[in-house]
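Spelled out, the chains give:
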Amino acid sequence: MPRAGLTADRLVAAAAELADEVGFDGVTVSALARRFGVKDASLYSHVRGLKDLRTRVALLAGGEMIDRIAAAVAGRAGKDALAAFADAYREYALTHPGRYAATQIPVDQDLVADAPALRRTAEITYGMLRAYGLEEPDLTDAVRLLRSTFHGYCALEAGGGFGAPRDVRRSWDKAIDALHITLTHWPRET
């Protein structure tokens, strides 16, 4: 019988908080059980195991992140939308490092089809890029460029990898300018 007060949603929210506190790799069933003062076995009526728990955290975090991005890009197009998207991405990555790390794990493709947050991520991202006149397969290539640029920058910044005296925000803004130029002059697939 499930322990009173424990639900899958409550466990996932607590696991997301734990991820931000100790890092995503520190999210374990045992650590979560300790947080609730219960035995590990008490959690298995709500989550199937560690992989399920981490996948649920990834989906939660992905939903939170795209909600922030969607709010930032609403009513914008072109460079303004790109900058708003990038800034919301960076802000989430830096203020929620454990949750952000969760968004980087591979998720079972069967779950992607059933996850509204992941579908919404594609809709928002592809919609922003269509303002640049991109169509498939260029859209997929542009998404990969943006994701790798944003992720790489955020990972380096979070890890203290930028040691030069230049303001990190100024460099970020230049990177967005460069991405805008690249997207505007995208080498179209023929």
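What comes next concerns the included structure. What you see is a predicted model; the values in this text were computed from it and never measured.

1. Let's talk about helix H9 (residues 168–184)
(1) Moving on: Here H9 contains 17 residues, and its C-alpha end-to-end distance of 24 Å stays within 8% of the 24 Å for a straight helix at 1.5 Å per residue.
(2) Moving on: Where H9 is concerned, the buried positions are Trp172, Ile176, Leu179 and Leu183. Considered in projection along H9, the buried side chains sweep an arc of 60 degrees and stay on one side of the axis.
(3) Moving on: Looking at the buried residues of H9, the elements they touch are helix H4 (78–95), helix H7 (116–130) and helix H8 (138–158).

2. Thoughts on the packing of aromatic side chains
(1) Moving on: Applying the stated criterion across every chain, the model contains six aromatic pairs.
(2) Moving on: Judged by centre distance (5.8 Å) and plane angle (45 degrees), the rings of Phe150 and Trp172 are tilted. Of this pair, Phe150 sits in helix H8 while Trp172 sits in helix H9, placing them 22 residues apart in sequence.
(3) Moving on: Residue classification places Trp172 among the buried residues on the basis of a relative accessible area of 1%.
(4) Moving on: A cation sits over an aromatic face here: Arg90 above Trp172, 5.4 Å from the ring centre.

3. A closer look at unusual backbone geometry
In terms of backbone geometry, most residues other than glycine have negative phi values and most peptide bonds are trans.
(1) Moving on: Cis geometry is adopted by the peptide bond preceding Pro137, which originates at Glu136 and carries an omega value of 5 degrees.
(2) Moving on: The residue Pro137 is located in the loop between H7 and H8 in this model.

4. Observations concerning a negative patch on the surface
(1) Moving on: Together, Glu135, Glu136, Asp141 and Glu189 make up a negatively charged patch on the protein surface.
(2) Moving on: With respect to the helices and strands, the residue Glu136 is situated in the loop between H7 and H8.

5. Re the packing of H7 against H8
(1) Moving on: The contact between H7 and H8 brings their axes to 10 Å, and the two run at 105 degrees. If you check the angle between H7 and H8, you find them roughly perpendicular. Facing Thr125, Tyr126, Met128, Leu129 and Arg130 of H7, the residues of H8 in contact are Leu139, Thr140, Ala142, Val143 and Leu146.
(2) Moving on: Partitioned by chemical class, the residues of the contact of H7 with H8 number seven nonpolar, two polar and one charged.

6. What about the nonpolar core?
(1) Moving on: Among the nonpolar cores identified, the biggest contains 33 residues, and Ile69, Leu82, Leu129, Phe150 and Leu183 are the most heavily contacted of them.
(2) Moving on: Broken down by secondary-structure element, the contributors of at least two residues to this core are helix H3 (50–73), H4, H7, H8 and H9.
(3) Moving on: The element contributing the most residues to this core is H4, with nine residues.
(4) Moving on: If we ignore the near neighbours within four places in the chain, the residues touching Leu183 are Leu82, Leu129, Tyr132, Leu134, Ala142, Leu146 and Arg188.
(5) Moving on: Formed by 22 residues, the second largest nonpolar core is a distinct cluster that contains Leu11, Val12, Ala16 and Val27.

About the thresholds
Residues numbered from 1 in each chain as written. Predicted model: local features only at pLDDT ≥ 70, side-chain atom pairs only at ≥ 80, totals over all residues. Heavy atoms only, no water. Helix = DSSP H or I, 4+ residues; strand = E, 2+ residues; numbered from the N terminus. Expected span 1.5 Å × (residues − 1). Buried < 20%, exposed > 50% of the residue type's maximum accessible area, 1.4 Å probe, protein only. Arc of directions from axis to C-beta. Contact = heavy atoms within 4.5 Å. Phe/Tyr/Trp six-rings, centres within 6.5 Å; stacked < 30°, edge-to-face > 60°. Lys NZ or Arg CZ within 6 Å of the ring centre and 35° of its normal. Patch = residues over 30% accessible without salt bridge, like charges linked within 9 Å, V, L, I, M, F, W, Y side chains within 5 Å. Areas by Shrake-Rupley, 256 points an atom, 1.4 Å probe, with all protein chains shown as cover. Salt bridge = Lys/Arg side-chain N within 4 Å of Asp/Glu carboxyl O. Lys, Arg positive; Asp, Glu negative; His and termini not counted. Charge placed at Lys NZ, Arg CZ, Asp CG, Glu CD. Axes fitted to C-alpha atoms, helices over the stretch in contact; angles between N-to-C directions. Parallel < 35°, antiparallel > 145°, perpendicular 65-115°, else oblique. Nonpolar A, V, L, I, M, F, W, Y, C, P; charged D, E, K, R; others polar. Core = buried A, V, L, I, M, F, W, Y, C linked by side-chain atoms within 4.5 Å.

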